[in-house]
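Here are the chains, one letter per residue:
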Amino acid sequence: MNINQKTRIAVAGIGGIGGYIGGMLAHHFQHSDHVEILFISRGENQKVIDQQGLTLHSGDQTFVCIPSVNSNDPVIIGQIDALVICTKSYSTTAILKDYTSCLRPNAVIITTQNTVNGEATIADFLPQGITLLEGCIFIASNIQQAGTIVHKPGPTKLFFGTNNQASKQGEELEKLFQEAGIDTTFTLNIQEILWKKFLFVSPIAMVSALTQKTFSQILENESDLNLFIQLTTELVHLAHVKQIPLDENAIKNNVELLGKFNPTVKSSFQLDLAKGHLSEIDSLLTYVIKEAESHALKLPHYEKVYQELLEKYPHIKA
């Protein structure tokens, strides 16, 4: 990154995750001479942020976050050094198509989607010379209303990085994010971390969507908890077949993690399905079943849950 010009970081998708990351960055660097934070937002969210900034409630603190630019027009966004994509997985390629023209030479893209095949999905859309830092975030954060984000107490940790490939830009961005108060780690072992999160996110998304219960309620119900464990176990089998290294206590750790969230927390997947919105079913569920089939592996609980979700939420087929 050029020390003679401002480092311009654009955050795409100002929802639960993007609102937290972008909000923390914008609040901290609002008056910086070296770093500029831009929001890529749209609709009512964009209008409210234009009028009064983004309100971020994080624990017992409230921040009013003012980006230097707030737009969904690539021309207005202009040239950027880093693009942090916080949209749902099904919108990632569209963001890349629209904003690749904004990327300066040697720019960085950071992804935060709930997926383990993100690089394969977007590889064809990456311009030459651009560094992809796949990422994920452990967080409970939702958009309460247009222009307002609520970040709930609990595990909050952002990871991004590569697989054994050093990145000076990654190290620099890690420092900037940490400076803004975001617990961030740049890693050379991102695949293992992506799978660690996926091992939790995919099963809990399935169980929460089927039951429409909070994480706490699932933990307290023997039948629901057993389903969560069965799905996690099947996912561990898939990871082993794919030779992904996992902690030998992964299933036990997942159950313990379930109890660390605020009692009111639900998954974004269940919230999307309940509202009849588009969902990340392809990255969270369909990918798992197809990948298992390609390795001649049977996942009976995943297959059963898929059929039950189709019955419960007919709009999934649309």
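(A) Structural detail: the overall build of the protein. A tally of helices and strands in the protein yields 13 helices and twelve strands. Counting all 318 residues of the protein, 53% fall into the buried class. Of the roughly 14,600 Å² of accessible surface on the protein, a fraction of 48% belongs to carbon and sulfur atoms. A distance of 3 Å separates the average location of the 24 positive side-chain charges in the protein from that of its 32 negative side-chain charges.

(B) Molecular detail of the state of the cysteines. For the coordinates displayed, the defined rule picks out zero disulfides. Unpaired in terms of disulfides, C86 finds its nearest cysteine sulfur in C136, a separation of 12 Å. The class for C86 is buried, based on a relative accessible area of 10%. C102 carries a free sulfur, and the closest cysteine sulfur to it, the one in C86, is 16 Å from it. Residue classification places C102 among the buried residues on the basis of a relative accessible area of 1%.

(C) Up close: the sheet that holds strand 10 (residues 148-151). Reading across from one edge, 4-3-10-9 is the order of the four strands in this open sheet, with mixed pairing throughout. In this open sheet, the two strands that pair with only one neighbour each are strand 4 (61-65) and strand 9 (141-145). Across the sheet, the mean angle from the axis of one strand to that of its neighbour is 25°, orientation sign disregarded. Where strand 9 lies against strand 10, four bridges are found, and the strand directions are antiparallel. Across the sheet, residue I143 finds its bridge partner in strand 10, namely I149. Along the sheet, helix 1 (residues 16-29) contacts strand 3 (54-58), strand 4, strand 9 and strand 10; its crossing angle with strand 3, the most-contacted strand, is approximately 100°.

(D) Inspection of the nonpolar core at higher detail. Counting 51 residues, the largest nonpolar core has W195, F200, M206, F269, Y302 and L309 as its most contacted members. Elements represented by at least two residues in this core include exactly strand 8 (131-138), helix 7 (190-211), helix 8 (215-220), helix 9 (222-241), helix 10 (250-258), helix 11 (268-274), helix 12 (281-294) and helix 13 (300-312). Tallying contributions element by element places helix 7 first for this core, with 14 residues. Core analysis: the next-biggest nonpolar cluster, separate from the first, contains 34 residues, V11, V35, L176 and F177 among them.

(E) Local environment of the packing of helix 9 against helix 10. Between helix 9 and helix 10, the shortest axis-to-axis distance is 10 Å and the interhelical angle comes to 140°. One finds that helix 9 runs oblique with respect to helix 10. Like other packed secondary-structure pairs, helix 9 and helix 10 cross with a definite hand, here right-handed. Residues L225, F228, I229, T232, T233 and V236 of helix 9 form the contact with helix 10, whose participating residues are I251, N254, V255 and L258. When grouped by side-chain class, the residues that make up the contact of helix 9 with helix 10 number seven nonpolar, three polar and no charged.

(F) Looking closely at the sheet that holds strand 11 (residues 157-161). Read across the open sheet, the eight strands follow the order 5-2-1-6-7-8-11-12; overall the sheet is mixed. Each edge of the open sheet is held by one strand with a lone partner, namely strand 5 (69-71) and strand 12 (184-187). For this sheet, the mean angle separating the axes of adjacent strands, direction not counted, is 20°. Sheet topology note: the strand 7 (residues 103-111)/strand 8 ladder contains three bridges and is parallel. Counted as the bridge partner of V108 is T131 from strand 8. Running over the sheet, helix 7 touches strand 8, strand 11 and strand 12 and is turned about 35° from strand 8.

(G) Spotlight on the pairing of strand 1 (residues 7-12). Extensive coverage of strand 1 is indicated by the burial of six of its six residues. Of the two faces of strand 1, the one holding T7, I9 and V11 and the one holding R8, A10 and A12 are both buried throughout. This β-α-β element, strand 1 to helix 1 to strand 2 (residues 35-40), shows right-handed connectivity. Pairing between strand 1 and strand 6 (residues 80-85): four bridges, direction parallel. Across the sheet, the residue bridging to I9 is A82, located in strand 6.

(H) Molecular detail of the environment of S283. As for its position among the elements, S283 is in helix 12. Taking the C-alpha atoms as reference, S283 lies 7.9 Å from N117; in sequence the two are 166 residues apart. Leave out the neighbours within four places in its chain, and S283 touches S89, N114, T115 and F198.

(I) Up close: the pattern of salt bridges. Taken as a whole and assessed by the stated rule, the structure comprises eight salt bridges. E291 is paired through a salt bridge with K242; the nearest N and O atoms lie 2.8 Å apart. Here K242 lies in the loop between helix 9 and helix 10 and E291 lies in helix 12, a separation of 49 residues in the sequence. For E291, a relative accessible area of 17% puts it in the buried group. By relative accessible area, K242 is classed as partly exposed at 26%. Two residues, E308 and K304, come together in a salt bridge whose shortest N-O distance is 2.5 Å. Placement of the pair is E308 and K304 together in helix 13, with a separation of four residues, close to one helical turn.

Conventions used here
Residues numbered from 1 in each chain as written. Predicted model: local features only at pLDDT ≥ 70, side-chain atom pairs only at ≥ 80, totals over all residues. Heavy atoms only, no water. Helix = DSSP H or I, 4+ residues; strand = E, 2+ residues; numbered from the N terminus. Buried < 20%, exposed > 50% of the residue type's maximum accessible area, 1.4 Å probe, protein only. Areas by Shrake-Rupley, 256 points an atom, 1.4 Å probe, with all protein chains shown as cover. Lys, Arg positive; Asp, Glu negative; His and termini not counted. Charge placed at Lys NZ, Arg CZ, Asp CG, Glu CD. Disulfide = S-S within 2.5 Å. Pairing = 2+ DSSP bridges. Axes fitted to C-alpha atoms, helices over the stretch in contact; angles between N-to-C directions. Contact = heavy atoms within 4.5 Å. Core = buried A, V, L, I, M, F, W, Y, C linked by side-chain atoms within 4.5 Å. Parallel < 35°, antiparallel > 145°, perpendicular 65-115°, else oblique. Left-handed = near helix turned anticlockwise from the far one by under 90°. Nonpolar A, V, L, I, M, F, W, Y, C, P; charged D, E, K, R; others polar. Right-handed = clockwise from strand over helix to strand, strands pointing away. Salt bridge = Lys/Arg side-chain N within 4 Å of Asp/Glu carboxyl O.

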